[in-house]
Amino acid sequence: MIAPQNDEETPLLQRPKQPTAKIPLPWDQFWILLLLEMPDFLSSRTLIPFIPQLIRDIGVTHGDESQVGHYAGILQSSYYAAHTLTIFHWSQLSDHIGRKPVILTALSAIVISMLSFGLSKTFFGLVVSRIVCGAFDASDSIVKSMLMDITDTTNMPKAYSYIPVSLMIGNTVGPLIGGSLSQPADRFPDIFGRSELLKTYPYLLPCSISAFFISIIWLVTYICLKESVSTTGKTSLWELIKKGFFGQSYSKPRQPSSNIIVDPGEGSPGKFQPKPLPLRALLTSKVLSVTASYTTMALFQTGFNSVLPVFYATPIELGGLSLDPPRIGTLLAASGVIHGIFQLLFYARLHDHFGAKAIFITGVSSGIPIVILFPVANALARAYGIGMAVWLCVAVQLTLKTSLLMCFPCIALFIRAAAPNRASLGTTNGIVMMAVAVGRIVGPASAASVFSYSLQEGHDAWSIYYFFIAIAFLAVGTALLLPRDLNVWEDSQ
């Protein structure tokens, strides 16, 4: 039975006491989850540096430089369109059949889609590759659910301070692979000049290397990862498919067994555990508040990520910086390193001192100066060329991006606190991630289209910046819906 919800008016002495002693992280499984945080970022960041040039090469723009951003946005949005249709079902399925089989399926899909992307010679083939990846890739959502399974409120902030190590590797290695190894026959003729395969498919090498690393992670996961939820007494997969996942919950009460990980906060092994709740029971005000905050933040973040490399690659006279793929890859890799080091060293301390809400609001607010630096950098490039002033703007913008990315560990804490019970954690996360996926469809497609529109003659060049600033203010507004103290939500579970 769910206890009545406490609000901020409830005297502190009347609330249940929260645990004060921090429980050590379960490193025997936590290191695998850190490894599993890499594939999503490694694969997507491998593609980012060469996508503008790839779109030019396949001729879909017919030489119209202003349309490159539009087609780049379609590519990114196609992934999230498929992701939106399936992420909730994968997440709910993980509550019933376990997290591990869903993760292994997602890793397999990433490997197949990366190889398909490298072998595609048409824009349609590129889109299909990203759709396949989006439809089956629930790894990010499920890994976060698994992380919530094996941690509690005392050690979860510490766990998230290590996550940037994985993200830093993915965000650093991915752009370096994509930026350095694209078109290898032209760039390294002494090594790859005789390969007809790489001449025909100039982007296959970076995609193959990324797929190889993800295949190794699949093997490690299959051998070493333990299941974090019990599937004993659960409804069969076929029954779940027939019932469509909606309506009543068909699972029996869970009893932890020796072959799964038991969260210290879940009580003793002898107790019966709660069962997953139906969808309607999960649509609480807490879940909807988190969903709104995460979606608007993701709308801005993904839109910014899709426009950033296109802005770098766009000619200066059209509003960009005229950078080539190797420089773009190096800049994005450096940004990943900065973010990873900063969060590893400071996130847990900042969380203990200021709390998750303050960090989250600061992060989404940083979107405003990030946007302003776009026209400033271009104006300086027009006036003085690519010099020290432009590089300073780029450095400041990428540094502010670190503050924006600090929102992700904060929102994970709110999702965990908002879940009505621990057995429905995966489904709750799926609801949030489904809405976020919608934001990630709209963000890249709309931002890239507005950016292309602003480049066309006779249109307002500042349209893209007005668009981004409006989203940033919306994200700040929805962030105010979150509680200042996570205990307000935790106590009501």
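Residues numbered from 1 in each chain as written. Predicted model: local features only at pLDDT ≥ 70, side-chain atom pairs only at ≥ 80, totals over all residues. Heavy atoms only, no water.

Looking now at the overall build of the protein chain. A tally of helices and strands in the protein chain yields 23 helices and zero strands. Burial analysis of the protein chain (493 residues in total) assigns 57% to the buried set. In the structure as shown, the protein chain presents an accessible area of about 20,400 Å², 66% of it carried by carbon and sulfur atoms. (Helix = DSSP H or I, 4+ residues; strand = E, 2+ residues; numbered from the N terminus. Buried < 20%, exposed > 50% of the residue type's maximum accessible area, 1.4 Å probe, protein only. Areas by Shrake-Rupley, 256 points an atom, 1.4 Å probe, with all protein chains shown as cover.)

Bringing the side chain of serine 306 into the picture now. As for its placement among the helices and strands, serine 306 is situated in helix H15 (residues 285–313). Serine 306 sits in the buried class, given a relative accessible area of 6%. For serine 306, the side chain forms a polar contact with the main-chain oxygen of glycine 303, separated by 2.9 Å. Those residues in contact with serine 306, other than ones at most four positions away along the chain, are Gln76, Pro444 and Ala447. (Polar contact = N/O pair within 3.5 Å; in protein donor to acceptor, adjacent residues only side chain to side chain. Contact = heavy atoms within 4.5 Å.)

Bringing the packing of H15 against helix H18 (residues 367–384) into the picture now. Where H15 meets H18, the axes come as close as 12 Å, and the angle between the chain directions of the two elements is 15°. One finds that H15 runs roughly parallel with respect to H18. Pair H15 / H18 crosses with left-handed handedness. The residues of H18 that touch H15, namely those facing Phe300, Phe304, Val307, Leu308 and Phe311, are Gly367, Ile370, Val371, Phe374, Ala377 and Asn378. (Axes fitted to C-alpha atoms, helices over the stretch in contact; angles between N-to-C directions. Parallel < 35°, antiparallel > 145°, perpendicular 65-115°, else oblique. Left-handed = near helix turned anticlockwise from the far one by under 90°.)

So, about the pattern of salt bridges. Summed over all chains, the structure comprises five salt bridges. The closest approach of N and O atoms between lysine 144 and glutamate 37, which form a salt bridge, is 3.7 Å. Of this pair, lysine 144 sits in helix H7 (residues 139–150) while glutamate 37 sits in the loop between helix H1 (27–36) and helix H2 (38–47), and the two are 107 residues apart along the sequence. Considered together, lysine 144 and glutamate 37 belong to a single accessibility category, that of buried residues. Linking aspartate 95 and arginine 99 is a salt bridge whose minimum nitrogen-to-oxygen distance equals 2.8 Å. (Salt bridge = Lys/Arg side-chain N within 4 Å of Asp/Glu carboxyl O.)

Once that is clear, we can look at the packing of aromatic side chains. Aromatic ring pairs are described here by two measures, namely the spacing of the ring centres and the angle between the planes. The tally for this structure, following the rule as stated, stands at 18 aromatic pairs. Arranged with centres 6.2 Å apart and planes meeting at 80°, the rings of phenylalanine 30 and tyrosine 162 form a pair that is edge-to-face. One end of the pair, phenylalanine 30, is in helix H1; the other, tyrosine 162, is in helix H8 (residues 156–181), with 132 residues separating them in the sequence. With a relative accessible area of 1%, phenylalanine 30 lands in the buried category. The partly exposed category is assigned to tyrosine 162, whose relative accessible area is 23%. (Phe/Tyr/Trp six-rings, centres within 6.5 Å; stacked < 30°, edge-to-face > 60°.)

Positive phi outside glycine occurs at glutamine 183, with the angle close to 50°. Mapped onto the elements of the fold, glutamine 183 is located in the loop between H8 and helix H9 (184–187). Under the relative-accessibility criterion, glutamine 183 is labelled partly exposed at 22%. Residue serine 322 is not a glycine yet carries a positive backbone phi of 60°. The topology assignment puts serine 322 in the loop between H15 and helix H16 (325–354).

A low pLDDT score tells you not to read the predicted coordinates there in detail. Mean pLDDT for the protein chain: 81, with 85% of residues reaching 70 or above. The least confident element of the protein chain, judged by mean pLDDT, is helix H13 (residues 237–243) at 54; the most confident is helix H12 (residues 204–224) at 94. In this model, residues 1–19 is a region of pLDDT below 50 whose contacts with residues beyond four sequence positions or in other chains number 30 contacts. A low-confidence stretch, residues 245–271 (pLDDT under 50), is modelled with 58 contacts involving residues beyond four sequence positions or located in other chains. (pLDDT = per-residue confidence, 0-100.)

We now examine helix H17 (residues 356–365). Within the span of H17, buried status applies to Ala356, Lys357, Ile359, Phe360, Gly363 and Val364. Taken down its axis, H17 places every buried residue within 165° of arc, on the same side. Buried residues along H17 sit in contact with H15, H16, H18, helix H19 (388–405), helix H20 (407–418) and helix H22 (463–479). (Arc of directions from axis to C-beta.)

Time to look at the environment of lysine 286. You can see lysine 286 is positioned in helix H15. Each C-alpha atom of the pair lysine 286 and alanine 418 lies 5.3 Å from the other, and the pair is 132 residues apart in sequence.

Next up on the list: the side chain of arginine 130. Summarising the element assignment, arginine 130 is placed in helix H6 (residues 123–136). Buried arginine 130, no salt bridge; nearest opposite-charge side chain is aspartate 137, N-O distance 7.0 Å. (Lys, Arg positive; Asp, Glu negative; His and termini not counted.)

On the surface, a nonpolar cluster with roughly 410 Å² of combined accessible area is contributed by Ile341, Phe342, Leu344, Leu345 and Phe346. Here leucine 344 is to be found in helix H16. (Patch = residues over 30% accessible without salt bridge, like charges linked within 9 Å, V, L, I, M, F, W, Y side chains within 5 Å.)

On to the nonpolar core. One finds Leu36, Phe117, Tyr294, Phe311, Tyr312, Leu321 and Phe360 to be the most contacted residues of the largest nonpolar core, which totals 123 residues. With sequence-adjacent residues up to four places away left out, leucine 36 is seen in contact with Ile103, Leu107, Val143, Ile217, Thr221 and Leu225. (Core = buried A, V, L, I, M, F, W, Y, C linked by side-chain atoms within 4.5 Å.)

Moving on, we come to the environment of lysine 144. Judged by its relative accessible area of 10%, lysine 144 falls in the buried class. Separated by 108 residues in sequence, lysine 144 and leucine 36 place their C-alpha atoms 9.8 Å apart.

At a minimum axis separation of 8 Å, helix H5 (residues 99–119) and H12 run at an interaxial angle of 165°. As judged from the angle between their axes, H5 and H12 are roughly antiparallel. By crossing handedness, the relation of H5 to H12 is classed as left-handed. In contact with Lys100, Ile103, Leu104, Leu107, Ser108, Ile110, Val111, Met114, Leu115, Phe117, Gly118 and Leu119 of H5, H12 contributes Leu204, Cys207, Ser208, Ser210, Ala211, Ile214, Ser215, Ile217, Trp218, Thr221 and Tyr222. Its residues assigned to classes, the contact of H5 with H12 comprises 16 nonpolar, six polar and one charged. (Nonpolar A, V, L, I, M, F, W, Y, C, P; charged D, E, K, R; others polar.)

Before going further, it helps to spend a moment on the environment of serine 129. Position of serine 129 relative to the elements: it lies in helix H6. Taking the C-alpha atoms as reference points, serine 129 and leucine 119, ten residues apart in sequence, are found 9.7 Å from one another. When neighbours within four sequence positions are excluded, serine 129 is seen to be in contact with Ser113, Ser116, Phe117 and Ser120.

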